Amino acid sequence: MIGFASKRSWFVLVVVMLSVWQSPAGAQPIYKNIPSATEGYLPGYFAMGAQDYQSAAGFFKLLFQQEPGDIAIQRQLFLALCQIGQIKEAGVLVESLRKENIDFPLLHLVAGVNSLAHDSKREGIATAEAEFKALQNQKDDFFKTFSTFLQLWTGVMTSSQTSPVAIDLAWAEQKLQSLRDRQGLAEMYWLNLGIIAELAGKNEQADYFYKQLWQATPNPSLRTLEIIGIFYARYNPTAANPVVLKLQQQLTVLGRDPKVLNLINILNTPELLPPKAINSAEQGMAELFFNFAGVLSQQQEGELAVPIYWLALELRPDFSQARLALASTLQQMGRFDEALVQYRQIGETSYFSPLAQFQVAMIFSGQNKPEEALTQLQQLSVIYPEWITPYNFRADLLRGQKRFVEAIPFYDQALKLTEKLMLQNPNSIEIKKALAGLYFSRGIAYASSKQLPLGEADFQKSIDLVPNIAPVLNYLAYSWADQGIKLDQALQMLRKADQLEPDQGYILDSIGWAYYRLKQYDQAVAYLERAIVLEPMEAEINDHLGDIYWAINRKREALFQWQRALRFNPEPETIPLIQQKIQQGLPK
């Protein structure tokens, strides 16, 4: 996606009433059978607030049939339809909303795209141009910028009706002149000019624009790399493709990421190359909607991003990259079932099909379907045996289920592949951090499966790679303190962790526990009482504080803390030990 700094507010204002009924993200559809309209207006609002837009659209359609003049019903029906991709149906409501002096950007965008998709060519372009130009009247700079680019593309469409070579590149540059030096817009600026030059058959100009993009944006998006890479593979097939070189560099950081490998294969194989990435002005405009939706998605404004992705797909139904981004945004919003539908529409021939399949596993995990997630990850590892991410996530998923022994072999495989990357690129900070994280995770799995020496060895390897990670320092030092060994070294590590992340209850608990093991009870009490203020419902901290109170003869307070520990879901194996302390106290 392409970056752009802006904030949205209008969409929030449109649906502000819905927050009263907001329910957890990812909720399943509430209404399997839509009641009659006579059951009232609130269920539609409730469904909107629960992000169940399919049910909301059903409610508001029934209400609209009974109350076709109710503008509030029309507004909510319009918004619900835009969320589920029924753009043509939403467009029918635009004029009736305008008759009531209702105006917001999505009305213009829907009206413009519908005119392009469903009206005659000349009439559709003229209508779209008027709609997109009207966005200049918005106060929000985001939509003014969007309007400028949209008007550029309606102009390209008009010129293309005569002939692609009729496209005036000087006019296109002039149209975007006010945006040329705008911060955050370099990639979008040069990319659009390059695409237009390609459509006009002016390859030397396209080459110039893409080189300017490359200079202004050292790390463009993968989609931008795809567009430029296809151009250079066709324009100058005998020269080294700069995009392939860039992607090969990425592999040293990403590992054998199959989507990157697949794209490299496409760029290196003439039979797989399309003539162009963008073959028409309509596709160019779809690309624009895709990029601006990506900006909103990056800013966590999914409710507005989703309709704009749907508009991109209305213009180009086979636009797999937009479908993937739509699915990802739905997933981020917790709309998991809708996301699954979109991921599953991405064909296996798409170079990013592996990513779509991996995200399906992520959704299964988020839906508390671990076995389905594990099966999906296993299939990915069979197809892409050198892809690190499925091994790592599979191990993390098993560890989260306390299946520690099962997790270890997958950490082993992820570590083996990451260590191979480290040898190829020994100065990479990113790979070093990834390796340290894997050692830490496997160390936890070892320690939790009663293989503490192996766990401690992994913690030390993690610290050797990246010395200043507070959770790793804390975990290793606490394991020593809990065994009553290396207490001075443990305290030194824990003080360093406390400096790195001050006022963290779990670190203060560890320091207090180390002092307890050293029988320095005054210090132990001071740290544990600070920890309990920060984490009052943490069972282990309550349990530790109870032990320290008992040691200094504050036995009633010790019993109170142990009883609290039992109320806060302690680890199952600690429950009988805490119960025994409540009954008998601690031995002298």
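Residues numbered from 1 in each chain as written. Predicted model: local features only at pLDDT ≥ 70, side-chain atom pairs only at ≥ 80, totals over all residues. Heavy atoms only, no water.

**Structural notes on the overall build of the chain**
Let me state the cut-off plainly: Each helix is a run of DSSP H or I of at least 4 residues and each strand a run of E of at least 2, with the numbering of both proceeding from the N terminus. Residue burial is assigned from relative accessible area. The probe radius is 1.4 Å, only protein chains are included, and a residue is buried under 20% of its type maximum, exposed over 50%, and partly exposed in between. Any pair of residues with heavy atoms lying within 4.5 Å of one another is described as a contacting pair. To measure how exposed things are, a 1.4 Å probe is used in the Shrake-Rupley method; for residues, cover is taken only from the protein chains shown. The charged-residue count follows a simple rule in which Lys and Arg add positive charge and Asp and Glu add negative charge, with His and chain termini not counted at all. To locate a charge, take NZ of a lysine, CZ of an arginine, CG of an aspartate or CD of a glutamate.
For the chain, the helix and strand inventory stands at 32 helices and 0 strands. On the principal axes, the C-alpha backbone points of the chain span a range of 95 × 70 × 40 Å. Here the chain holds 588 residues, and the buried ones make up 53% of them. Contacts in the chain between residues at least 24 apart in sequence constitute 58% of all its contacts with a sequence separation of at least 6. If you sum the accessible surface of the chain, you get close to 26900 Å²; carbon and sulfur atoms cover 52% of it. Charge-centre separation for the chain: the mean point of 53 positive side chains lies 3 Å from the mean point of 60 negative side chains.

**Observations regarding the pattern of salt bridges**
Using the following cut-off: Here, a salt bridge means any Lys or Arg side-chain nitrogen found within 4 Å of an Asp or Glu carboxyl oxygen.
Evaluation of the coordinates by the stated rule reveals 23 salt bridges. Close ionic contact of Glu-89 with Lys-61 constitutes a salt bridge, the shortest N to O distance being 3.3 Å. You can see Glu-89 sitting in helix 5 (residues 87–91) and its partner Lys-61 sitting in helix 3 (residues 53–66), a full 28 residues away along the chain. On the accessibility criterion, Lys-61 (27% relative accessible area) is partly exposed. One network of salt bridges, with partners in common, ties together Glu-95, Arg-98 and Glu-131.

**Overview of the packing of aromatic side chains**
Which entries qualify depends on this criterion: The pairing test for Phe, Tyr and Trp rings, Trp by its six-membered ring, is centres within 6.5 Å, and the orientation test on the planes gives stacked under 30 degrees, edge-to-face over 60, and tilted for anything in between. A positively charged side chain is recorded as over a ring if its NZ (Lys) or CZ (Arg) lies within 6 Å of the ring centre. The angle to the ring normal must also be within 35 degrees.
Enumeration over the complete set of coordinates arrives at 29 aromatic pairs. Relative to Trp-190, the ring of Tyr-189 lies with its centre 4.8 Å away and its plane at 90 degrees, an arrangement referred to as edge-to-face. For the pair shown, Tyr-189 and Trp-190 are each scored as buried. Judged by centre distance (5.2 Å) and plane angle (55 degrees), the rings of Phe-290 and Phe-319 are tilted. One end of the pair, Phe-290, is in helix 16 (residues 281–298); the other, Phe-319, is in the loop between helix 17 (302–315) and helix 18 (320–332), and 29 residues separate them in sequence. The class for Phe-319 is buried, based on a relative accessible area of 0%. Note that Arg-316 overlies the ring of Phe-319, its terminal NZ or CZ placed 5.4 Å from the centroid.

**Some points on helix 23 (residues 404–424)**
As a reminder, the rule being used: In this analysis, the expected span of each helix is defined as 1.5 Å times one less than the number of residues it contains.
Taking 1.5 Å per residue as the helical rise, helix 23 with its 21 residues ought to reach 30 Å, and the 30 Å between its terminal C-alpha atoms agrees with that figure. For helix 23, the full list of buried residues reads Phe-404, Ala-407, Ile-408, Phe-410, Tyr-411, Ala-414, Leu-415, Leu-417, Thr-418, Leu-421 and Met-422.

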